Amino acid sequence: MNGSFDFVSTEDKPALIAFSTPEWLETAKTALQELGYKVHTAATHSDFLVRFGQAHYQVVIVEELFGANTIDENLTLKALQTMPVNQRRHATIILLGDSFQTFTPMEAFRHSVHAVISSSEMFLLKQLVEKAVADNELFLHSFREVQTRVFTSGNRL
């Protein structure tokens, strides 16, 4: 894990990225920073889990081969897939790699993420992240609105 500790304030838009490919890491970091996100980078699977458990990240981008030779060996992705929904609902989770066609809903569903992005479209990453976040916010808008009303009225879900 990176030795520095970076506080996340209520005004921050935190994002977490997990990449093995250095060029993709820099591209993703730059795109997210340009969108106003405070970017944290996970170096290993355990680093990812620790970081993910410490903050409510708005955006999470995972490389399909993060710390793995095949997508089936990607422990970070497996952890996200098996995590209860209430532990990951706050984040728009994006899977990026060579195996995908960008924004294929069935592929995203298959991997339990909000969106998949093809690495061939990294040059559009900033716009693609914006779209994925907007789509996710629209999809969860009604749920979040009802959840807020329930909690403010003093009832429990």
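Residues numbered from 1 in each chain as written. Predicted model: local features only at pLDDT ≥ 70, side-chain atom pairs only at ≥ 80, totals over all residues. Heavy atoms only, no water.

Student: Describe the overall build of the protein chain, listing the residues and the values that go with them.
Tutor: Per the secondary structure count, the protein chain includes 6 helices and 5 strands. In the protein chain, the succession of α and β elements from N to C terminus is β-α-β-α-β-α-α-β-α-β-α. Here the protein chain holds 157 residues, and 41% of them are scored as buried. Relative to all contacts within the protein chain whose residues are 6 or more apart in sequence, the contacts with residues 24 or more apart total 59%. A total accessible area of about 9000 Å² is found for the protein chain, and carbon and sulfur atoms account for 54% of it. (Helix = DSSP H or I, 4+ residues; strand = E, 2+ residues; numbered from the N terminus. Buried < 20%, exposed > 50% of the residue type's maximum accessible area, 1.4 Å probe, protein only. Contact = heavy atoms within 4.5 Å. Areas by Shrake-Rupley, 256 points an atom, 1.4 Å probe, with all protein chains shown as cover.)

Student: I'd like a description of unusual backbone geometry, backed by residues and values.
Tutor: Even without being a glycine, Phe 103 presents a positive backbone phi close to 55 degrees. Its location among the elements puts Phe 103 in the loop between β4 (92-97) and α5 (105-110). Of note in the backbone geometry, Ser 112 takes a positive phi value of approximately 55 degrees without being a glycine. Relative to the elements of secondary structure, Ser 112 occurs in the loop between α5 and β5 (115-118).

Student: Outline the pattern of salt bridges, listing residues and values.
Tutor: All chains considered together, the criterion is met by 5 salt bridges. Of the charged contacts in the structure, one is a salt bridge between Arg 51 and Asp 47, with a shortest N-O distance of 3.0 Å. Here Arg 51 and its partner Asp 47 are both found in helix α2 (residues 45-54), 4 residues apart, which amounts to about one turn of the helix. Residue Lys 131 pairs with Asp 135 through a salt bridge whose shortest N-O separation is 2.8 Å. Taken together, the residues span about one helical turn, with Lys 131 and Asp 135 both in helix α6 (residues 125-152) at a distance of 4 residues. (Salt bridge = Lys/Arg side-chain N within 4 Å of Asp/Glu carboxyl O.)

Student: Give a description of the environment of Phe 103 that names residues and reports values.
Tutor: Since its relative accessible area comes to 25%, Phe 103 is described here as partly exposed. In the structure, Phe 103 is positioned 25 residues away from Leu 128 in sequence and 8.8 Å away in space, judged by C-alpha atoms. If we ignore the near neighbours within four places in the chain, the residues touching Phe 103 are Ala 115, Val 116, Leu 128, Lys 131 and Ala 132.

Student: Can you tell me about the packing of aromatic side chains, naming the residues and giving the values?
Tutor: Enumeration according to the criterion identifies 1 aromatic pair in this entry. A centroid spacing of 5.7 Å and a plane angle of 15 degrees characterise the contact between Phe 48 and Phe 52, whose relative ring orientation is stacked. Remark: Phe 52 and Phe 48 occur in helix α2; sequence separation between them is 4 residues, near one turn of the helix. A single burial state applies to Phe 48 and to Phe 52, both of which are buried. The positively charged end of Lys 13 is found above the aromatic ring belonging to Tyr 37, 4.3 Å away from the centroid. Of note, Lys 131 hangs over the ring of Phe 103, and the distance from its end group to the ring centre comes to 5.2 Å. (Phe/Tyr/Trp six-rings, centres within 6.5 Å; stacked < 30°, edge-to-face > 60°. Lys NZ or Arg CZ within 6 Å of the ring centre and 35° of its normal.)

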